[in-house]
Amino acid sequence: MSQQKSDYADDADIDAALDDQPDEETLAETVDNLEANGFEVVVVDTADDALDAVVDHIPAGASVMNGHSTTLEEIGFDDYLGGDDHDWESLPDHVWSIDDDAERQAARRDAQTADYFLGSVNAIASTGELVAADMSGSRIGAYPFAAGNVVIVSGVNKIVDTLDDAFDRLENVAYPLENERAQEAYGVGSAIAKQLVFRKEMEDGRTTVVLVRDQLGY
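Everything quoted here is computed from the prediction, not taken from an experiment.

**Section: the sheet that holds strand 5 (residues 123–125)**
- Spatially, 4 strands are ordered 8-5-6-9 in an open sheet, and the strand pairing comes out mixed. The sheet is open, and its two edges are formed by strand 8 (159–160) and strand 9 (194–198), each paired on a single side.
- Where strand 5 lies against strand 6 (residues 130–134), 2 bridges are found, and the strand directions are antiparallel. Its bridge partner lying in strand 6, I124 is registered against L130.
- Across the face of the sheet, helix 8 (residues 163–186) comes into contact with strand 5, strand 6, strand 8 and strand 9 while running at roughly 25 degrees to strand 6.

Okay, here's the thing in structure tokens:
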């Protein structure tokens, strides 16, 4: 079920001050600090540019998995991965073709070790840390270690000043929006059950952050 932020944003009570676009000085500082923490960073202007950057980054023959991400939907990556215009092994196609619940869950766990795992985060501190959470952990489980490579796509609206602000954004922007989305999609609310603070990437070139100069995701 494809959903856009606009489908449920009007029903969520968020702190709009934590969902604003930063000035260029703050963006440049954020890029510098992310790179100092071991992340590769690509800055693009539009959602179309973001999709091009992601597609160019992943080599032919790679196994590719994605965690749920409104941002990835907004740039068109989910549709691209489900199509025929690439030479990757699309792991979601395999996972969601399995009828047995236990087998499908096992396949989802195996997919965390994909060559390339794509997703987003809920906040980026300008000091260079990434913050993300979800209820099951299926989105963020691959980020710290399991996947061979990680590609995180984020609108610059997720950039905030400090790590404390990033936690505030998670609680007061991302969670209310995800809670509304989950109720529409699944009929139940969400929860900040499993949370990740990605402070540093220790493996050179493993994690790439694509920052889009646009209001994307939550």
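**Some words on the side chain of D134**
- When you line up the elements, D134 lands in strand 6.
- Assessed through its relative accessible area of 13%, D134 is described here as buried.
- Engagement of the side chain of D134 in a polar contact is seen with the backbone nitrogen of G137, the distance being 2.6 Å.
- Ignoring sequence-local partners within four residues, the contact set of D134 consists of R139, I140, A191, I192, A193 and K194.

**Description of the pairing of strand 6**
- The buried fraction of strand 6 is high, at 5 of 5 residues.
- The alternating pattern of strand 6 places L130, A132 and D134 on one face and V131 and A133 on the opposite face, and all of these are buried.
- Bridge count for strand 6 against strand 9 is 5 bridges, and the pairing is antiparallel. Paired with A132 across the strands is L196, a residue of strand 9.

**As for helix 8**
- Along helix 8, the helix axis deviates most sharply at A174, where the bend reaches about 35 degrees; the proline P176 sits within four residues downstream.
- Along helix 8, the residues classified as buried are L163, A166, R169, L170, V173, A174, P176, L177, E178, N179, R181 and A182.
- Lining the buried residues of helix 8 we find helix 3 (70–75), strand 5, strand 6, strand 8 and strand 9.
- Positive phi shows up at G187, right after helix 8, with a value of about 80 degrees.

**Quick look at the sheet that holds strand 7 (residues 149–155)**
- Pairing is parallel in the open sheet, where 6 strands are placed in the order 1-10-7-4-2-3. Unpaired on one side and paired on the other, strand 1 (40–44) and strand 3 (89–90) mark the two borders of the sheet.

About the criteria used
- Residues numbered from 1 in each chain as written.
- Predicted model: local features only at pLDDT ≥ 70, side-chain atom pairs only at ≥ 80, totals over all residues.
- Heavy atoms only, no water.
- Pairing = 2+ DSSP bridges.
- Helix = DSSP H or I, 4+ residues; strand = E, 2+ residues; numbered from the N terminus.
- Contact = heavy atoms within 4.5 Å.
- Axes fitted to C-alpha atoms, helices over the stretch in contact; angles between N-to-C directions.
- Buried < 20%, exposed > 50% of the residue type's maximum accessible area, 1.4 Å probe, protein only.
- Polar contact = N/O pair within 3.5 Å; in protein donor to acceptor, adjacent residues only side chain to side chain.
- Bend = angle between axes of the 7 residues up to and from the residue.

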